[in-house]
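A look at the structure
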Amino acid sequence: MTDVEQMKSVTDTLRPVVVSGPSGSGKSTLLRRLFKDYPDKFGFSVSHTTRSPRQGEENGVHYHFVTRNEFVNLINQNKFVEHAEFSGNLYGTSIEAIRSVSSLGKICILDIELNGVKAVKKTDLNARFVFIKPPSLEALEKRLLGRNTETKESIQARLNAAKEELAYADQEGSHDIIIVNDDLDTAYERLKNFIVE
Ligand SMILES: Nc1ncnc2c1ncn2[C@@H]1O[C@H](COP(=O)(O)OP(=O)(O)OP(=O)(O)O)[C@@H](O)[C@H]1O
């Protein structure tokens, strides 16, 4: 391999990986296992927030702490792939935060929803896209019920969102790989092979 080829292959293996899929499809379950099996391979992007730092939290390590004004300016400059407001505070994932994970020699894994996926596609992050698909909507509903974390209304909202995500995933070229999470071990092997091997 020439130096240039070698560099390219290193950059290729460190491309950020975007994992998406309907709520309840099993993203957290699969990723938890991956991080446990490969504790040093992955890095997490440091989010921005407008909330105040808690004791022991360090700027740039736990979060990038910014004022609401600064945050809004970053939104206007299209610096975020995803941002949202929770209990009065803004939180967001910046393109730069994702990029800096690769520059530290780690793979950045992003567990984000459909709008985030579309936003990452518009950047030059050169990410790879994985879709975790439930075996069926019925199975998805069962898992959401089984998780015991949702109300009836929130399950319905998640199922409605799932239909939209599944329709998007059906479009040619929307993802690099679609993994049906039916049998957990099989799905995990596919995910592992795609991301790491
Ligand atoms: N292959 C599988 N077979 C059966 N149950 C599964 C499987 N994968 C995950 N589950 C279960 O389904 C539920 C939903 O999984 P999980 O919480 O990982 O979904 P998620 O995609 O991360 O959801 P959210 O986006 O809401 O965080 C959990 O209770 C989990 O234990």
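Residues numbered from 1 in each chain as written. Predicted model: local features only at pLDDT ≥ 70, side-chain atom pairs only at ≥ 80, totals over all residues. Heavy atoms only, no water.

Turning our attention to the nonpolar core. With 19 residues, the main nonpolar core has Leu34, Ile109, Val130, Leu191 and Ile195 as its most contacted residues. If you list the elements that add at least two residues to this core, you get strand S1 (17–20), helix H2 (27–37), strand S7 (107–111), strand S8 (128–133), strand S9 (177–180) and helix H8 (184–195). Setting aside residues no more than four positions away along its own chain, Ile109 makes contact with Val17, Val19, Leu31, Leu34, Phe35, Phe42, Gly43 and Ile195. Judged by nonpolar contacts, the second largest core, of 16 residues, contains Ile95, Val101, Leu114 and Leu125. (Core = buried A, V, L, I, M, F, W, Y, C linked by side-chain atoms within 4.5 Å. Buried < 20%, exposed > 50% of the residue type's maximum accessible area, 1.4 Å probe, protein only. Helix = DSSP H or I, 4+ residues; strand = E, 2+ residues; numbered from the N terminus. Contact = heavy atoms within 4.5 Å.)

The ligand sits among 14 residues. The nearest are Ser23, Lys27, Ser28, Thr29 and Asn181. The backbone of Gly26 places a nitrogen or oxygen atom 3.0 Å from an oxygen atom of the ligand. The separation between an oxygen atom of the ligand and a polar side-chain atom of Thr29 is 2.5 Å. Mapped by element, the contributors of at least two residues to the shell around the ligand are H2 and helix H6 (137–147). The residue inventory of the shell around the ligand, partitioned by class, reads 2 nonpolar, 7 polar and 5 charged. (Near = heavy atom within 4 Å. Polar contact = N/O pair within 3.5 Å; in protein donor to acceptor, adjacent residues only side chain to side chain. Nonpolar A, V, L, I, M, F, W, Y, C, P; charged D, E, K, R; others polar.)

Here the focus is the pairing of S1. Of the two faces of S1, the one holding Val17 and Val19 and the one holding Val18 and Ser20 are both buried throughout. Examined bridge by bridge, S1 and S7 share 3 bridges and lie parallel to one another. Within the sheet, the bridge partner assigned to Val17 lies in S7 and is Ile109. Relative to S8, S1 is paired through 4 bridges, and the arrangement is parallel. Paired with Val19 across the bridge in S8 is Val130. (Pairing = 2+ DSSP bridges.)

Viewed as axis vectors pointing N to C, H2 and H8 meet at an angle of 55 degrees, and their least axial separation amounts to 10 Å. Judged on the interaxial angle alone, H8 and H2 are oblique. Considering how the two elements wind past one another, H2 and H8 form a crossing that is right-handed. Contacts from Thr29, Leu30, Leu31, Arg33, Leu34 and Asp37 in H2 reach Leu184, Asp185, Ala187, Tyr188, Leu191, Lys192 and Ile195 in H8. Across the contact of H2 with H8, the residue classes break down as 8 nonpolar, 1 polar and 4 charged. (Axes fitted to C-alpha atoms, helices over the stretch in contact; angles between N-to-C directions. Parallel < 35°, antiparallel > 145°, perpendicular 65-115°, else oblique. Left-handed = near helix turned anticlockwise from the far one by under 90°.)

A word on the sheet that holds strand S6 (residues 89–94). Spatially, S4-S3-S6-S5 is the arrangement adopted by the 4 strands of the open sheet, whose pairing is mixed. Every other strand in the sheet has two partners, leaving strand S4 (64–65) and strand S5 (80–86) as the edge strands with one partner each. By the bridge criterion, 2 bridges tie strand S3 (residues 48–49) to S6 in an arrangement that is antiparallel. Within S6, the position partnered with His48 by the bridge is Gly92. Relative to S5, helix H3 (residues 68–76) is tilted by about 140 degrees, and along the sheet it contacts S3, S5 and S6.

The next subject is the packing of helix H5 (residues 114–121) against helix H7 (residues 152–170). Close contact between H5 and H7 brings their axes to 10 Å; oriented N to C, the two are set at 30 degrees. The residues of H7 that touch H5, namely those facing Leu114, Val117, Lys118 and Lys121, are Glu164, Glu165 and Tyr168. When the residues that make up the contact of H5 with H7 are grouped by side-chain class, the tally is 3 nonpolar, no polar and 4 charged.

With 12 residues, H8 extends 16 Å from end C-alpha to end C-alpha; this agrees with the ideal 16 Å at 1.5 Å per step. Every buried residue belonging to H8 is among Ala187, Tyr188, Leu191, Lys192, Phe194 and Ile195, and all of these are buried. Across the axial projection of H8, the buried residues extend over an arc of 165 degrees, all falling on one side. (Expected span 1.5 Å × (residues − 1). Arc of directions from axis to C-beta.)

Summarizing the sequence annotation, UniProt attributes the feature "domain: Guanylate kinase-like" (unreviewed entry) to residues 14–196 in the numbering used throughout. Structurally, residues 14–196 is divided into 43% helix and 21% strand, and its ends, taken at the C-alpha atoms, are 10 Å apart. (UniProt positions renumbered as here; feature names shortened; annotations may be inferred.)

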